[in-house]
Amino acid sequence: MEQHILFWIFIGIFAISAAITLLGITNVLKIRDKYLNALFTALILEVVAVVLLLFKNSDYFNPSANLDQLITEASMTLPAQTDPAYFIVENLKESAKLTQITRQLDSLERALSDCSNQLDATTRDVNELNEAFYTKVIRLRGQIPKYQGSINLSFRPDTKTELFILLVNILSDMGEVPPGKSMQLSDGSVDFLAVQEMYRTFKSRYTDQHLELITYDDAPQMIRKFIDYHHPRSR
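Description of the structure in this document. (Residues numbered from 1 in each chain as written. Predicted model: local features only at pLDDT ≥ 70, side-chain atom pairs only at ≥ 80, totals over all residues. Heavy atoms only, no water.)

1. Digging into helix 6 (residues 192-203)
Now for step 1: Between the first and last C-alpha of helix 6 there are 16 Å, a value that for 12 residues agrees with the 16 Å anticipated at 1.5 Å per step.
Now for step 2: Inspection of helix 6 places Phe192, Ala194, Val195, Gln196, Met198, Tyr199, Phe202 and Lys203 among the buried residues, and these make up the whole buried set.
Now for step 3: Residues of helix 6 that are buried make contact with helix 5 (161-173), strand 2 (213-214) and helix 7 (218-230). (Helix = DSSP H or I, 4+ residues; strand = E, 2+ residues; numbered from the N terminus. Expected span 1.5 Å × (residues − 1). Buried < 20%, exposed > 50% of the residue type's maximum accessible area, 1.4 Å probe, protein only. Contact = heavy atoms within 4.5 Å.)

If you want it as structure tokens, here you go:
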């Protein structure tokens, strides 16, 4: 309380002396020169003292205080016995590392997104392949009633061209057609004998009866072969 009163007393003295000096300089008040010079000198000294006091009480000459305030405003805690400048520099270095890590993380996220998209595309392709194959088998199986319960590939094959083409596609999906193997003759027609032989080879793996016939029991074997070919069992 006393310091507060003294502060305002000194402010009042400073203001009065400043006013008297300025009035004397402007000849509003008649003051002898020796007193006017003393008042002017005192005013200058007071101004200098005030300026020095303001700078002394500010953080201008105390960089450490500025750094402490900066650390506080950044919601950080300065460890005990740690130089504020060193603390800030080290955290700036970590910030640079964080920026680099963030860029790497973004790159990994993009790569993961690309892989996920590729996986989705592959899954769709596999599903389409599966659906297409099952549809072909169903179509082939649906032809059996037209031939009184079984399709004889050896009997008049030239009347079953579309059926042979469907069978070639099924055998190809099951991996029974070797790469580069053509199921057509030089004139572009279906090589019935080659298709019959390939089907016999496939059917002989699970039976030795009626290798030239396509029956209802053959459809599940085709599906099993397709699954084993595209999704082999783990060893």
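Once you've had a look at it, read on.
2. Describing the nonpolar core
Now for step 1: Grouped together as the largest cluster of nonpolar side chains are 27 residues, with contacts concentrated most on Leu140, Leu153, Leu167, Ile170, Met174, Ile214 and Met222.
Now for step 2: Those elements giving two or more residues to this core turn out to be helix 4 (84-143), helix 5, helix 6 and helix 7.
Now for step 3: Counting residues per element, this core draws most heavily on helix 5, which supplies seven residues. (Core = buried A, V, L, I, M, F, W, Y, C linked by side-chain atoms within 4.5 Å.)

3. Brief notes about the pattern of salt bridges
Now for step 1: One pass over the structure, following the stated rule, counts five salt bridges.
Now for step 2: Here Glu176 ties to Lys225 by a salt bridge, and the two come within 3.3 Å at their closest N and O atoms. Remark: Lys225 occurs in helix 7 and Glu176 occurs in the loop between helix 5 and helix 6; sequence separation between them is 49 residues.
Now for step 3: Take Glu176: its relative accessible area is 10%, and that puts it in the buried class.
Now for step 4: Lys203 is paired through a salt bridge with Asp218; the nearest N and O atoms lie 3.2 Å apart. Of the two residues, Lys203 sits in helix 6 while Asp218 sits in helix 7, which places them 15 residues apart along the sequence. (Salt bridge = Lys/Arg side-chain N within 4 Å of Asp/Glu carboxyl O.)

Geometry only, nothing functional implied.
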